[in-house]
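Analysis of the macromolecular model
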Amino acid sequence: MKLLSVIVPCYNEEESVADFYTELMKNKSFFDEKELEVEILYIDDGSKDGTAGEVKKLRERDERVHLISFSRNFGKEAGIYAGLQNAVGDYLVVMDVDLQDPPSLLPEMFRYIEEGYDSVATRRVTRKGEPILRSFFARMFYRLMRKISSTEIVDGARDYRLMTRQVADAILSMKEYNRFTKGIYGWVGFQTKWLEFENVERKKGETKWSFWKLLLYSLEGIVSFSTAPATFAAVMGVLFCILAFLLIVVIVIRTALFGDPVAGWPSLVCIISLISGVQLFCLGIVGQYVSKTYLEVKERPIYIVKEKL
Ligand code: UDP
Ligand code: MG
């Protein structure tokens, strides 16, 4: 018999824990038919509500349910990492607890694994039910990433993915602290089948991602999987040097030919503020990379476990 590990990161999701279990177990006949054993790892990402308690209740009924509680909120990326590290299955699948990643897709996903794919990924083709501004920025982000990163990062890709042990081990071998899972999935490669589905709205509770958190997350993605901004800063610097050099030549010649009537301070102020703005911007870009590097070299653990069942 083969073992399928279901990894479910949860943060303040007490309402969804039991529903997810019920929904997942609707696949029972499929599990039986394929002779798949199942283990479910709920990763309680430092929830402040009764999430852990709900999981324990489930565990009393069903030994296949496991709980890993973090000492505080470490973020979904850390939850996924902990899940992959602690799961022992031959196949592993990462799913949201809010049922936005429909468990009913599992049989189809598994079919592709049987066909020989190493992992089966999902992407939503609609963003129905999402604020317009949010979808707009999300689209822009993916368009930008396609241009500046050599790693494939697919628009609308979810973290919902079924993979073989080999792929999971490859992901685990990337021990970086700043984890941008969508990029990591792409970076490790392997034969991936993409399934598409229509966006499903969250059943209960509310999203943990504010617009601000998403913006920071997208910066994370850019800095983690592209060095194009740093190159851009360098190119900008060179262009401004050339411009300054040409201006000096022009001014020297003009002064020699026509003398130097004192004028033009407003334009001078404009130029100074423009250039210092560009400098600060570029410094900020460099700062992003330095600060990420700083966090990486500290080699802090990605998560800390408080309780494990
Ligand atoms: N999540 C988590 N830690 C966090 C934020 C979210 O483990 O700090 C989990 C959350 O419980 C859910 C999944 O990640 O299972 C996706 O979160 P959410 O539904 O809030 O994001 P959205 O679907 O709106 O992008
Ligand atoms: Mg969700």
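Here we summarise the structure given alongside this text.

Thresholds, definitions, all that
Residues numbered from 1 in each chain as written. Chains lettered and ligands numbered in written order. Predicted model: local features only at pLDDT ≥ 70, side-chain atom pairs only at ≥ 80, totals over all residues. Heavy atoms only, no water. Helix = DSSP H or I, 4+ residues; strand = E, 2+ residues; numbered from the N terminus. Rg over C-alpha atoms; globule rule 2.2 N^0.38 Å. Buried < 20%, exposed > 50% of the residue type's maximum accessible area, 1.4 Å probe, protein only. Contact = heavy atoms within 4.5 Å. Areas by Shrake-Rupley, 256 points an atom, 1.4 Å probe, with all protein chains shown as cover. Lys, Arg positive; Asp, Glu negative; His and termini not counted. Charge placed at Lys NZ, Arg CZ, Asp CG, Glu CD. Axes fitted to C-alpha atoms, helices over the stretch in contact; angles between N-to-C directions. Parallel < 35°, antiparallel > 145°, perpendicular 65-115°, else oblique. Phe/Tyr/Trp six-rings, centres within 6.5 Å; stacked < 30°, edge-to-face > 60°. Lys NZ or Arg CZ within 6 Å of the ring centre and 35° of its normal. Polar contact = N/O pair within 3.5 Å; in protein donor to acceptor, adjacent residues only side chain to side chain. Core = buried A, V, L, I, M, F, W, Y, C linked by side-chain atoms within 4.5 Å. Salt bridge = Lys/Arg side-chain N within 4 Å of Asp/Glu carboxyl O.

Time to look at the overall build of the chain. When its secondary structure is counted, the chain shows 11 helices and eight strands. Taken against the 2.2 N^0.38 rule, which gives 19 Å for 309 residues, the C-alpha radius of gyration of the chain at 25 Å runs more than 25% over that of a compact globule. Per-residue burial for the chain yields a buried fraction of 44% across its 309 residues. Long-range contacts, defined here as pairs at least 24 residues apart, represent 84% of the contacts in the chain between residues at least 6 apart. Roughly 17000 Å² of accessible area belongs to the chain as shown, and the carbon and sulfur atoms make up 61% of that amount. Each charge class in the chain was averaged separately, 40 positive and 41 negative side chains, and the resulting centres sit 4 Å apart.

Another point: the packing of helix α9 (residues 211-225) against helix α11 (residues 265-297). Two elements in contact, α9 and α11, have axes separated by 10 Å at closest approach and are oriented at 85°. Judged by the inter-axis angle, α9 sits roughly perpendicular to α11. The segment α9 lies against α11, with E220, I222 and V223 engaging Q288, Y289 and K292.

Under the criterion given, the structure shown has 16 aromatic pairs. With 5.5 Å between their ring centres and 50° between their planes, F30 and F31 make a pair best called tilted. The class for F30 is buried, based on a relative accessible area of 8%. Residue class for F31 comes out buried when judged on its relative accessible area of 3%. Seen from their ring centres, F180 and Y217 are 5.0 Å apart, and the 50° between their planes marks the pair as tilted. Separated by 37 residues along the polypeptide, F180 in the loop between α7 (165-172) and α8 (181-188) and Y217 in helix α9 bring together distant segments of the chain. Assessed through its relative accessible area of 14%, Y217 is described here as buried. The ring of F74 has R72 lying over it, and the distance from NZ or CZ to the ring centre is 3.9 Å.

The subject of this paragraph is the side chain of R134. Within the secondary structure, R134 sits in helix α6 (residues 132-148). Only 3.3 Å separates the side chain of R134 from the backbone oxygen of W209, close enough to count as a polar contact. Dropping the residues within four chain positions of it, R134 is found in contact with T207, W209, F211 and L214.

This next bit is on the nonpolar core. Residues V6, F20, L24, F31, I40, Y42 and L106 are the most contacted members of the largest nonpolar core, which totals 36 residues. Counting residues in hydrophobic clusters, the runner-up holds 34 residues, among them I80, A87, Y185 and V188.

For the rest of this paragraph, the subject is the pattern of salt bridges. Counted by the stated rule, this structure contains 15 salt bridges. Close ionic contact of K56 with E307 constitutes a salt bridge, the shortest N to O distance being 3.2 Å. Of this pair, K56 sits in helix α3 (residues 51-61) while E307 sits in strand β8 (residues 305-308), placing them 251 residues apart in sequence. Note that K76 and D159 form a salt bridge whose closest N and O atoms lie 3.0 Å from each other. Of the two residues, K76 sits in helix α4 (residues 76-86) while D159 sits in strand β6 (residues 157-164), which places them 83 residues apart along the sequence. According to the relative accessible area criterion, D159 is buried, its value standing at 5%. Residues participating in the shared-partner salt-bridge network are K76, D96, D101, R158, D159 and K182.

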